[in-house]
Amino acid sequence: MTTAPWRDPALPAAARVDDLLSRMTLQEKTAQLYGVWVGAATDGEVRAEGVAPHQHDMTADYDWAELITHGLGQLTRSFGTAPVAPAPAARALARAQRRIAGAGRFGIPAVAHEECLAGFTAWQATAYPVPLAWGATFDPPLIEEMAARIGQDLRSAGVHQGLAPVLDVVRDPRWGRVEETIGEDPYLTGTIGTAYVRGLESAGVIATLKHFAGYASSAGARNLAPVRAGIREFADVTLPPFEMALREGGARSVMAAYNETDGVPASADPALLTELLRAEWGFTGTVVADYFGIGFLETLHRVAGSAGEAAHAALAAGIDVELPTLKCYGKPLLEAVRSGEVAEELVDRAARRVLLQKCELGLLDEDWTPEPKAADLDLDPAANRALARRVAEESVVLMDNPDGVLPLSPDARIAVVGPRAADALAMLGCYSFPSHVLTHHPEVPMGIEIPTLLEALRAELPDAKVTFAEGCAVSDPDTAGFEEAVARASEADVCLAVLGDRAGLFGRGTSGEGCDVTDLRLPGAQGDLLDALIATGVPVVLVLLTGRPYALGPWQGRLAAVVQAFFPGEEGGPAVAGALSGRVNPSGRLPVSVPREPGGQPWTYLQPPLGLAGEVSNLDPTPLYAFGHGGSYTSFSWGGFTGGDDPAEIGTDGSYEVSVTVRNTGDRAGAEVVQLYLHDPVASVTRPDVRLIGFQRVDLGVGEASRVTFRFHADLSSFTDRSGRRIVEPGVLELRLAASSSDVRHTARLHLTGPVREVGAGRRLRCEAEVSGPG
């Protein structure tokens, strides 16, 4: 028996795929370009349930048994659609894969994909903190470790592709999907997102970058609203995280965004998906559609007159795979190719990319098997939970503690008040399985243990007298519970006001996809409840469990302390309780600015001069707490700085080192985050007053010191000029070592000399940092 070349693992993948494509019919090739939404079930049947708008009207009718005779590109969310225990779900997925492989001429299985935005989105799987909490850690190695564990869980269950990370940079915090982002800064987003990609890919799982590109810049912060960003904002804010995650992280897939930018939908934009992504950046992986995004070219964007026209536009632009299920790349595409409206070469181009990826995954090998490696699949083991707690602990931000009320006294009388204190879902974002799916299955238990903050605090401080009153609901304006809440607070030494968001989808929450808000007031009656608690005269500690920042100006100077946690996951309760008790020394830093006033959005710290406070407007956008801000229960000194007032000269292709020694001068171990910002006083186009170009987290015991050195390269000062070129411009720059974007500790002045230098895809994207002894 002779093995066909495409089955021979000794041959190069490209040769194998070329041979396979030459043997396939048009229908077999198009079958590789779409997914089918398959909900895992213990009986092995195929079914899907509605979790999103347009799901049913954007799905084509098909006969499963007949469909798979031609093959299948992807299986959509076998685990993330219904609550099925991991082991039966894995067996159901394996049965589906065997049926797919057995039905077609070539025996090729599908790529199974899942959401993994805050962990594997499956019942009984670990719910990690949301990406905004990853950003708050300022700790890329920790996020890489977390992603590697998520990837291992995905692979153990038979999943090949993870739809994460989200690399959208926050432009308006009213947007519902802020919780899914890493923050408002492209460098932080790029470095943390790249770490996540490395971790996921290290487990053999394809990381999918989303949403490419511009999605978070929607007008009015409305989900799917048009984007009106200029070319420089797009090039200098939106795109860099994607470029970094591809070049340095090795991501093998990109998801096209829903939005249109200046009238051109991303899903039909060859300049974005082919010219930039592939020709300029050298990407060779697959581009997948966001769910129903190709059909939306016809129904929502109205740039296509039929499903076939939508398929043509997306395929020509560079989308290889239609997700989540076939609508346009099925019969409409097949008919368009047969009629001559769509060139078959476009199908071949996409099918080749899909099959190359399947070849990399081993899905073309004769010894491929869909069977899960372990009969018993535990997706929430103790090691996962310990890691989830580490991420949660590092993400807690101590925003204010002016009188040292925190840490709490171990025997204090504590009134815990608020709608987020006794609800396990207060810890989870909208893409964690309980929030994402279980709302449709109220009879099903949570599947994982999620201590509430109230439970965790009682365990953390067993000698304290802890009372509780809800006070109000999350979003209901009813104030009937205020009386009891005020009574409990009045009896206490300190009151913890535990307020925040309820994650949901498409208006079913105060944060999450499709849960956009008009302003940044605390939801419902929570602001009024906070006022009532403060009026008791008892010290009030505000604890926020949210998916976005909220305007806290009305309570400035009135609170004993402020603690922020961004949906910190299943171990978030113990993590926040540990920060309140002092067992955990808070080290999180804000990945987004916290505004003073609820209006005046959009605003992030990346503002040119006229975006800052000034005499030209009566509105002051200065945040209450700046990007990068965060406190500690210890203190740090910054000394031994290398740099001075006299500018050091380097060429526009040169480099320069700045160093500082950080010492823990307090009475407990802690972590400082040294941040490096760039200030460009004069440029040929307006530039942000400051922007982050480097950071380093430093863990120090009592009295310990470390020296932090940043290696700045002139490439990091590059920006997009008036003609659209990315350039390094000669002139004076300032490198600012800072504890936040507004707390500068030391400044080094540089003078870049030489000609204007154009830089491209090979430029340096990262400012390397080194931690050594105190020197």
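It should be noted that the structure appears before, not after, this text.
Scoring rules and cut-offs
- The residue numbers shown here count from 1 along each chain, following its written sequence.
- For this predicted model, a pLDDT threshold of at least 70 governs which residues receive local features, and a threshold of 80 or more governs which side-chain atom pairs are given and counted, while totals over whole chains, interfaces and linings are taken from all residues.
- Computation of side-chain values: all heavy atoms of the structure, hydrogens and water removed.
- When DSSP locates at least two bridges between a pair of strands, those strands are taken to pair.
- Only runs of H or I of at least four residues qualify as helices and only runs of E of at least two qualify as strands under DSSP, and these elements are numbered from the N terminus.
- Only C-alpha atoms enter the line fits that serve as axes; for helices the fit covers just the stretch in contact. Angles between N-to-C directions range over 0 to 180 degrees.
- Contact criterion: two residues are considered in contact whenever any of their non-hydrogen atoms come within 4.5 Å of each other.
- The buried label applies to any residue whose accessible area, calculated with a 1.4 Å probe on protein chains only, is under 20% of its type's maximum; exposed applies above 50%, and partly exposed to all values in between.
- The salt bridge definition used is simple: a Lys or Arg side-chain nitrogen within 4 Å of an Asp or Glu carboxyl oxygen.
- Orientation categories follow fixed angle ranges, with anything under 35 degrees roughly parallel, anything over 145 roughly antiparallel, 65 to 115 roughly perpendicular, and all other angles oblique.
- By the definition used in this description, the sense in which the near helix is turned from the far one sets the handedness, with an anticlockwise turn below a right angle giving left-handed and a clockwise turn giving right-handed.
- Residue polarity is assigned by list, with Asp, Glu, Lys and Arg as charged and Ala, Val, Leu, Ile, Met, Phe, Trp, Tyr, Cys and Pro as nonpolar; anything else, Gly included, falls into the polar class.

Caption draft 1: Seen up close, the sheet that holds strand E25 (residues 743-753). Spatially, 5 strands are ordered E17-E25-E24-E19-E20 in an open sheet, and the strand pairing comes out mixed. Edge positions in the sheet fall to strand E17 (648-651) and strand E20 (691-700), since each of these pairs with one other strand and no more. Ignoring which end each strand starts from, the neighbouring axes of this sheet average 30° apart. Both strand E19 (residues 670-679) and E20 contribute to a ladder of 9 bridges, which runs antiparallel. Counterpart to Gly670 in the pairing with E20 is Leu700.

Caption draft 2: Representation of the sheet that holds strand E15 (residues 561-566) within the structure. Pairing within the open sheet is mixed, and its 6 strands lie in the order E10-E15-E14-E13-E11-E12. The open sheet is flanked by strand E10 (397-400) and strand E12 (465-469), the only strands paired with a single partner. Averaged over neighbouring strand pairs, the angle between their axes works out to 20° when direction is ignored. Of the pairings in the sheet, the one linking strand E11 (residues 413-417) to strand E13 (residues 494-500) comprises 4 bridges and is parallel in character. Within E13, the residue paired with Ile414 across the bridge is Val494. Strand contacts of helix H19 (residues 526-534): E11, E13 and strand E14 (540-546), with the helix running at about 175° to E13, the strand carrying the most contacts.

Caption draft 3: Spatial organisation of the pairing of E15. With respect to burial, E15 is a largely interior element, 6 of its 6 residues being buried. Bridge analysis of E10 against E15 gives 3 bridges, and the strand direction is antiparallel. Its bridge partner being in E15, Asp400 is matched across the sheet by Val562.

Caption draft 4: Summary view of the environment of Val540. With respect to the helices and strands, the residue Val540 is situated in strand E14. The sequence separation of Val540 and Ala310 amounts to 230 residues, and the corresponding C-alpha distance is 56 Å. Not counting the four nearest positions on each side in its chain, Val540 is found in contact with Cys495, Ala497, Leu530, Leu533, Ile534, Leu559, Ala560 and Ala561.

Caption draft 5: Expanded view of unusual backbone geometry. The omega angle of the peptide bond from Phe212 to Ala213 is 0°, so this bond is cis rather than trans. With respect to the helices and strands, the residue Ala213 is situated in the loop between strand E5 (206-212) and helix H8 (231-238). In this structure, the amide linkage connecting Leu406 to the following residue, Pro407, adopts the cis form with an omega of 0°. Relative to the elements of secondary structure, Pro407 occurs in the loop between E10 and E11. Unlike most non-glycine residues, Phe292 shows phi in positive territory, near 70°. Note on placement: Phe292 falls in the loop between strand E9 (286-289) and helix H11 (296-299). Overall, the relative accessible area of 4% leaves Phe292 in the buried class. Here Arg302, not a glycine, exhibits a phi torsion of approximately 60°, which is positive.

Caption draft 6: View of the pattern of salt bridges. For the structure on display, the rule yields 48 salt bridges. Put simply, Arg697 and Glu394 hold a salt bridge, and the shortest N to O gap is 3.5 Å. With a gap of 303 residues between them, Arg697 in strand E20 and Glu394 in helix H15 (residues 382-395) connect regions that are remote in the sequence. You can call Arg697 buried: its relative accessible area is 11%.

Caption draft 7: Seen up close, the packing of helix H7 (residues 186-202) against helix H9 (residues 240-247). Two numbers describe how H7 lies on H9: the axes approach to 8 Å, and their chain directions differ by 30°. Considering the angle they form, H7 stands roughly parallel to H9. Helix-helix and strand crossings are classified by hand; for H7 and H9 the assignment is right-handed. Here H7 contributes Pro186, Tyr187, Thr189, Gly190, Thr191, Thr194 and Val197 to the contact with H9, which in turn contributes Pro241, Met244 and Ala245. Taken together, the residues that form the contact of H7 with H9 break down as 6 nonpolar, 4 polar and no charged.

Note that all results are geometric; they support no functional claim without further evidence.
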